[in-house]
Amino acid sequence: FLEDYDFKKTDKKYFETLLKGVIEKHELLDQNLLPYLDRPLNKLDPIELCVLRLAMFELIKQPEIPYRVIINEAVELAKKFGVTGGHKYVNGVLDKAAMKLRHDEYQS
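A quick note: this is a predicted structure, and the numbers were derived from the prediction, not measured. (Residues numbered from 1 in each chain as written. Predicted model: local features only at pLDDT ≥ 70, side-chain atom pairs only at ≥ 80, totals over all residues. Heavy atoms only, no water.)

Undergrad: Got a sec to walk through the pattern of salt bridges? Specific residues and values, please.
TA: What the rule picks out here adds up to five salt bridges. In this structure, Lys79 engages Glu76 in a salt bridge whose closest nitrogen and oxygen atoms are separated by 3.7 Å. You can see Lys79 and its partner Glu76 sitting in helix α4 (residues 67-81), three residues apart, about one turn around the helix. When the shortest N-O distance is used, the salt bridge between Arg102 and Glu105 registers 2.8 Å. Residue class for Arg102 comes out buried when judged on its relative accessible area of 7%. What makes Glu105 partly exposed here is its relative accessible area of 25%. (Salt bridge = Lys/Arg side-chain N within 4 Å of Asp/Glu carboxyl O. Helix = DSSP H or I, 4+ residues; strand = E, 2+ residues; numbered from the N terminus. Buried < 20%, exposed > 50% of the residue type's maximum accessible area, 1.4 Å probe, protein only.)

Here it is, written out as structure tokens:
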């Protein structure tokens, strides 16, 4: 993957952390997503599901990253790679998740 794409401006170590973390923790991430979804995981667009898992990993495992940054990046990924309008769904799910998972930060 790193050979096929231009990663000159990418933090390769962080990219690897995300990639490995999402793969290793996908069941935990899915369990944390379920309360905020209005449909089963298998009915989500595959890109939306991947973006949601990635953002959920960051919300749970990367507390130093502000939740607003995580949501914004997820929405941008969904706009770029997802189905038309899918970014709105991603935004709504992650906003609800951040309200609970990052309650103190969310309130400030």
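So, next bit.
Undergrad: Can you break down the nonpolar core residue by residue, with the values?
TA: In this structure, Leu37, Leu52, Leu59, Val90, Val93 and Leu94 are the most contacted members of the largest nonpolar core, which totals 28 residues. Within the residue set of this core, elements represented by two or more residues are α1 (12-24), α2 (26-33), α3 (46-61), α4 and α5 (86-101). A per-element tally of this core places α3 first, with seven residues. Once residues within four sequence positions are removed from consideration, Leu52 is found in contact with Leu33, Leu37, Leu44, Tyr89, Val90, Val93 and Leu94. (Core = buried A, V, L, I, M, F, W, Y, C linked by side-chain atoms within 4.5 Å. Contact = heavy atoms within 4.5 Å.)

Undergrad: Now, about the environment of Glu105: what can you tell me, with residues and values included?
TA: Along the chain, Glu105 falls in helix α6 (residues 103-107). Sequence-wise, Glu105 and Pro66 are 39 residues apart; in three dimensions their C-alpha atoms are separated by 8.0 Å. Those residues within four positions of Glu105 in sequence are excluded, and the remaining contacts are Pro66 and Tyr67. Only 2.8 Å separates the side chain of Glu105 from the side chain of Arg102, close enough to count as a polar contact. (Polar contact = N/O pair within 3.5 Å; in protein donor to acceptor, adjacent residues only side chain to side chain.)

As far as function goes, none of this settles anything; it's purely spatial.
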